[in-house]
Amino acid sequence: MIEFDHVSKQYDDGTLAVDDLSLVAGNGQITVFVGPSGCGKTTSLRMINRTIPVTSGSIRVDGEDIAATDAVQLRRRIGYVIQHAGLFPHRTVVDNIATVPHLLGWDKKRSRSVALELMDRVGLDPVLAKRYPAQLSGGQQQRVGVARALAADPPMLLMDEPFSAVDPIVREQLQDEFLRLQHELGKTIVFVTHDIDEAIKLGDKVAVMQVGGTLAQFASPAELLSHPSSDFVAEFIGRDRGYRGLSFVSAEGLPVHESSTVPVGASEDDVRRAAGGAAHVLVLDTDQHPVGWAPVNGRTAVVPERLLDVGTTFTAEQSLRAALDGALASPTGEAVCVDADGRFVGVVNHAEIAEHLTTHRPRRAEGQAAG
């Protein structure tokens, strides 16, 4: 547990970077600091491991005031991940990951063994072990940075905008991988971002900071979306917070229905017969995985490259936001529901989702559905 007790940071030039901050980052949770540039979120993060000294107030880690703790020993208990990974360019991937174990006096064999295990855990191919950072993609470098921070199995992680330097697709993959790791490891994590969507997706609790270093609101993502505490918070979250709030309403119980289907390779006549008057028919592969939508007026046999994209599929374990996104992205207006193995279950359109939503509104909650 990390406790901020009336913490302030004022620089020599009079700049007040953090002003009277009090909050608790709970054990095994992800606490996200989010806000505009200059709001003190990175300063707050760096005060935890004493890379920036506190001006007034106190920070306690597991009940112990960090001011009374040896700085080196403190930092060895806390993993640190930064933007652009901060890797040593002259060291291989495996040696970068083994840095902290080596500093702790582990022997080389043990350090490298742990490093190779962590490469697998964060989704890095073992063939990358002997490469240097410059030979990796941005996403791979960030995975190495996360692995390095985990190498000595610290109970806490500080993460300063670790995914902001990669493209949106890679960023989403890294976020998903990060959540998977956290589910397995249960670390106490403080995470800094300027992106409210990232904060809502990753955080168990979110601290919204505003310029001047003051805390505007500290709440669960669901609470933040449904009950912003001020005009500043509402504006920072954005006008579409109702749509974002659907991330916290489970798709379980959403009524889906059957749709006409044909197998890959079906003929034009097969498609028309299956349609029964519908404008499109869903094409499934031999494992019952959705492949695409076949227009009923198609003039060739059904082959994958001639089909309309299915859009985003969803499972009952995900959220209504995932289902609605699937319906909006679908060329037919219907979201395709699949099971955990990707097999077709049924379809639902946006009108049916809206009707279901009238009796399943977002509510104040600490938990969240997978988005």
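Up top is the structure.
Residues numbered from 1 in each chain as written. Predicted model: local features only at pLDDT ≥ 70, side-chain atom pairs only at ≥ 80, totals over all residues. Heavy atoms only, no water.

Colleague: Which residues make up the overall build of the protein, and what values go with them?
Modeller: Along the backbone of the protein there are 14 helices and 15 strands. Principal-axis analysis of the C-alpha atoms places the extent of the protein at approximately 80 × 50 × 30 Å. When each of the 371 residues of the protein is scored for burial, the buried share is 46%. The long-range share in the protein, meaning contacts at least 24 apart out of those at least 6 apart in sequence, stands at 62%. With an accessible surface of roughly 17,700 Å², the protein has 49% of that area assigned to carbon and sulfur atoms. Here the protein carries 35 positive and 48 negative side-chain charges, and the mean point of each set is 6 Å from the other. (Helix = DSSP H or I, 4+ residues; strand = E, 2+ residues; numbered from the N terminus. Buried < 20%, exposed > 50% of the residue type's maximum accessible area, 1.4 Å probe, protein only. Contact = heavy atoms within 4.5 Å. Areas by Shrake-Rupley, 256 points an atom, 1.4 Å probe, with all protein chains shown as cover. Lys, Arg positive; Asp, Glu negative; His and termini not counted. Charge placed at Lys NZ, Arg CZ, Asp CG, Glu CD.)

Colleague: Explain the sheet that holds strand β8 (residues 188–193) to me, and be specific about the residues and the numbers.
Modeller: Taken in spatial order, the 6 strands of this open sheet run β6-β7-β8-β3-β9-β10, and their pairing is mixed. Taken across any chain shown, the strands that pair with only one partner, and hence form the sheet edges, are β6 (78–82) and β10 (214–219). Between one strand and the next, the sheet's axes are offset by a mean angle of 15°, whatever the strand orientation. (Pairing = 2+ DSSP bridges. Axes fitted to C-alpha atoms, helices over the stretch in contact; angles between N-to-C directions.)

Colleague: Any chance you could break down the pairing of strand β1 (residues 2–10) for me, citing the residues and the numbers?
Modeller: The pairing of β1 with strand β4 (residues 56–61) spans 5 bridges and is classified as antiparallel. Note that in β4 the partner of Asp5 across the bridge is Ser58. Where β1 and strand β2 (residues 16–25) come together, 6 bridges link them in antiparallel fashion. Bridging across to β2, Phe4 finds its partner in Leu23. The turn linking β1 back onto β2 is made up of 5 residues, and Gly14 within it adopts a positive phi angle of 95°.

Colleague: So what's going on with the sheet that holds strand β12 (residues 280–284)? Which residues, and what values?
Modeller: Strand order in this open sheet of 3 strands is β11-β12-β13, and the pairing throughout is mixed. The strands lining the two open edges of the sheet, one partner per strand, are β11 (261–263) and β13 (290–295). Each neighbouring strand pair of the sheet contributes to a mean axis angle of 35°, computed without reference to strand direction. The sheet contact formed by β12 and β13 spans 5 bridges and is antiparallel. Bridge pairing links Val283 to Gly292 in β13.

Colleague: Tell me what's going on with the pairing of strand β15 (residues 344–349), and back it up with residues and numbers.
Modeller: By the bridge criterion, 5 bridges tie strand β14 (residues 334–338) to β15 in an arrangement that is antiparallel. Looking across to β15, one finds that Val338 is bridged to Phe344. Hairpin remark: β14 followed by β15, antiparallel, with 5 residues in the connecting loop; positive phi at Gly342, about 85°.

Colleague: I'd like a description of the pattern of salt bridges, backed by residues and values.
Modeller: All told, the structure shown has 17 salt bridges when counted by the stated rule. Among the salt bridges present, the one from Asp270 reaches Arg273, with a minimum N-O distance of 2.6 Å. Pair noted here: Asp270 and Arg273 are both in helix α12 (residues 268–275), with a separation of 3 residues, about one helical turn. On the basis of relative accessibility, which here comes to 31%, the residue Asp270 falls in the partly exposed class. Among the residues examined, Arg273 registers a relative accessible area of 61% and is labelled exposed. (Salt bridge = Lys/Arg side-chain N within 4 Å of Asp/Glu carboxyl O.)

Colleague: Tell me what's going on with the packing of aromatic side chains, and back it up with residues and numbers.
Modeller: Scanning the entire structure with this criterion turns up 5 aromatic pairs. On the basis of an interplanar angle of 40° and a centroid distance of 5.7 Å, the ring pair of Phe178 and Phe191 is categorised as tilted. Within this pair, whereas Phe178 is found in helix α7 (residues 168–185), its partner Phe191 is found in strand β8, the two being separated by 13 residues in sequence. Across the pair, exposure class does not vary: Phe178 and Phe191 are buried alike. Judged by centre distance (6.1 Å) and plane angle (20°), the rings of Phe232 and Phe236 are stacked. Of this pair, Phe232 and Phe236 are both found in helix α10 (residues 231–237), 4 residues apart, which corresponds to roughly one turn of the helix. Using a relative accessible area of 28% as the deciding quantity, one classes Phe232 as partly exposed. Classification of Phe236 by relative accessible area gives partly exposed; the value is 22%. Ring pairs connect the aromatic residues Phe163, Phe178 and Phe191, which therefore count as one cluster. Over the aromatic face of Tyr11 sits the side chain of Lys9, whose NZ or CZ is 5.0 Å from the ring centroid. (Phe/Tyr/Trp six-rings, centres within 6.5 Å; stacked < 30°, edge-to-face > 60°. Lys NZ or Arg CZ within 6 Å of the ring centre and 35° of its normal.)

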